[in-house]
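Fold and contact review
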Amino acid sequence: MRHTIAVLVENEFGVLSRVVGLFSGRGFNIDSLTVAPTNDEALSRITLVTRGDEQIIEQITKQLNKLIDVIKVIDFEPEHAIEREMVLVKVSAEDQSRAEVLRIADIFRAKVIDVTPKSYTLEATGAPAKVSAMVELLRPLGLKELVSTGPVVIGRGAKAWKG
């Protein structure tokens, strides 16, 4: 089962390496990893996506909490979180497919950010399922390159997540 875990950490040298090392040392895979400072420059937030049953996720959470630089760990449940992903997609746009690429972009509210005689580059932001659906529709038209941020997540409601 897919889990999105947010880890609030001290914004210091080597912290990311220790978090990633915890996963690799125990044979857990990270599907996606995003790191950025928070509104408090002394703290960073690591958002990672991994897979496992409840027992594995509980083990990961406990191990993360043991790391000295970790302040807080949350395994976000989908109904209590807003999850978004950004993707840049370069797709072939030959004469016969140019209009179809633009229709798909319009349906998914993607922005055309680069145009050449043979390709379009699109930027799309949304729920991971929405982004994946757009990519799958573009794939048969000639997907040339794909770059993704991976998901970022924030809790629903007015309550803020603080360290």
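- In the nomenclature of an unreviewed UniProt entry, the chain corresponds to Acetolactate synthase small subunit from the organism Geomonas propionica.
- Per UniProt, the comment on the chain under Function (unreviewed entry) is "Catalyzes the conversion of 2 pyruvate molecules into acetolactate in the first common step of the biosynthetic pathway of the branched-amino acids such as leucine, isoleucine, and valine."

1. Overview of the overall build of the chain
- If you tally the helices and strands in the chain, you get four helices and nine strands.
- For the chain, the N- to C-terminal ordering of α and β elements is β-α-β-β-α-β-β-α-β-β-α-β-β.
- In terms of principal-axis extent, the alpha carbons of the chain reach across some 55 × 35 × 30 Å.
- For the chain, the proportion of its 163 residues judged to be buried stands at 37%.
- Within the chain, contacts between residues at least 6 apart in sequence are counted, and of these 75% link residues at least 24 apart.
- For the chain, the accessible surface area stands at approximately 9700 Å², while carbon and sulfur atoms represent 53% of it.

2. Some details on helix H3 (residues 98-107)
- Every buried residue of H3 is accounted for by Arg98, Val101, Ile104 and Ala105. One side of H3 holds all its buried residues, which, seen down the axis, span an arc of 130 degrees. In H3, the exposed residues that point more than 90 degrees away from the buried face are Asp106 and Ile107.
- Residues of H3 that are buried in the fold lie against strand S5 (81-92), strand S6 (111-116), strand S7 (119-126) and helix H4 (128-142).
- Phi for Arg109, located one or two positions after H3, is positive at around 55 degrees.

3. Observations concerning a nonpolar patch on the surface
- Together, Leu16, Val20, Leu33 and Val35 give the surface a local cluster of nonpolar side chains, amounting to about 260 Å² of exposed area.
- When contributions to the nonpolar patch are tallied by element, the ones reaching two or more residues are helix H1 (15-25) and strand S2 (30-37).
- Note that Leu33 resides in strand S2.

4. Quick notes on helix H2 (residues 54-66)
- Between its terminal C-alpha atoms H2 stretches 18 Å, which fits the 18 Å expected from 13 residues at 1.5 Å a residue.
- For H2, the elements touching its buried residues are strand S1 (2-10), H1, strand S3 (43-51) and strand S4 (70-76).
- One side-chain oxygen of the residue at the start of H2 lies 3.1 Å from the amide nitrogen of Gln55, identifying that residue as Asp53.

5. Things to note about the packing of aromatic side chains
- Per the stated rule, a full pass over the model turns up one aromatic pair.
- For the pair Phe23 and Phe28, a centre-to-centre distance of 6.3 Å together with 75 degrees between the ring planes defines the contact as edge-to-face.
- Taking NZ or CZ as reference, Arg98 lies 4.6 Å from the ring centre of Tyr120, over its face.

6. Here's the deal with the pattern of salt bridges
- Overall, the coordinates contain seven salt bridges when judged by the stated rule.
- Across the pair Arg18 and Asp69 runs a salt bridge, and its minimum N-O distance is 2.4 Å. Here the residue Arg18 occupies a position in helix H1, and Asp69 occupies one in the loop between H2 and S4, the gap between them amounting to 51 residues.
- Taking the relative accessible area as the measure of exposure, Asp69 reaches 10% and is therefore buried.
- Put simply, Arg51 and Asp31 hold a salt bridge, and the shortest N to O gap is 2.9 Å. Highlighted residues: Arg51 in strand S3 and Asp31 in strand S2, separated in sequence by 20 residues.

Reading guide: rules and limits
Residues numbered from 1 in each chain as written. Predicted model: local features only at pLDDT ≥ 70, side-chain atom pairs only at ≥ 80, totals over all residues. Heavy atoms only, no water. UniProt positions renumbered as here; feature names shortened; annotations may be inferred. Helix = DSSP H or I, 4+ residues; strand = E, 2+ residues; numbered from the N terminus. Buried < 20%, exposed > 50% of the residue type's maximum accessible area, 1.4 Å probe, protein only. Contact = heavy atoms within 4.5 Å. Areas by Shrake-Rupley, 256 points an atom, 1.4 Å probe, with all protein chains shown as cover. Arc of directions from axis to C-beta. Patch = residues over 30% accessible without salt bridge, like charges linked within 9 Å, V, L, I, M, F, W, Y side chains within 5 Å. Salt bridge = Lys/Arg side-chain N within 4 Å of Asp/Glu carboxyl O. Expected span 1.5 Å × (residues − 1). Polar contact = N/O pair within 3.5 Å; in protein donor to acceptor, adjacent residues only side chain to side chain. Phe/Tyr/Trp six-rings, centres within 6.5 Å; stacked < 30°, edge-to-face > 60°. Lys NZ or Arg CZ within 6 Å of the ring centre and 35° of its normal.

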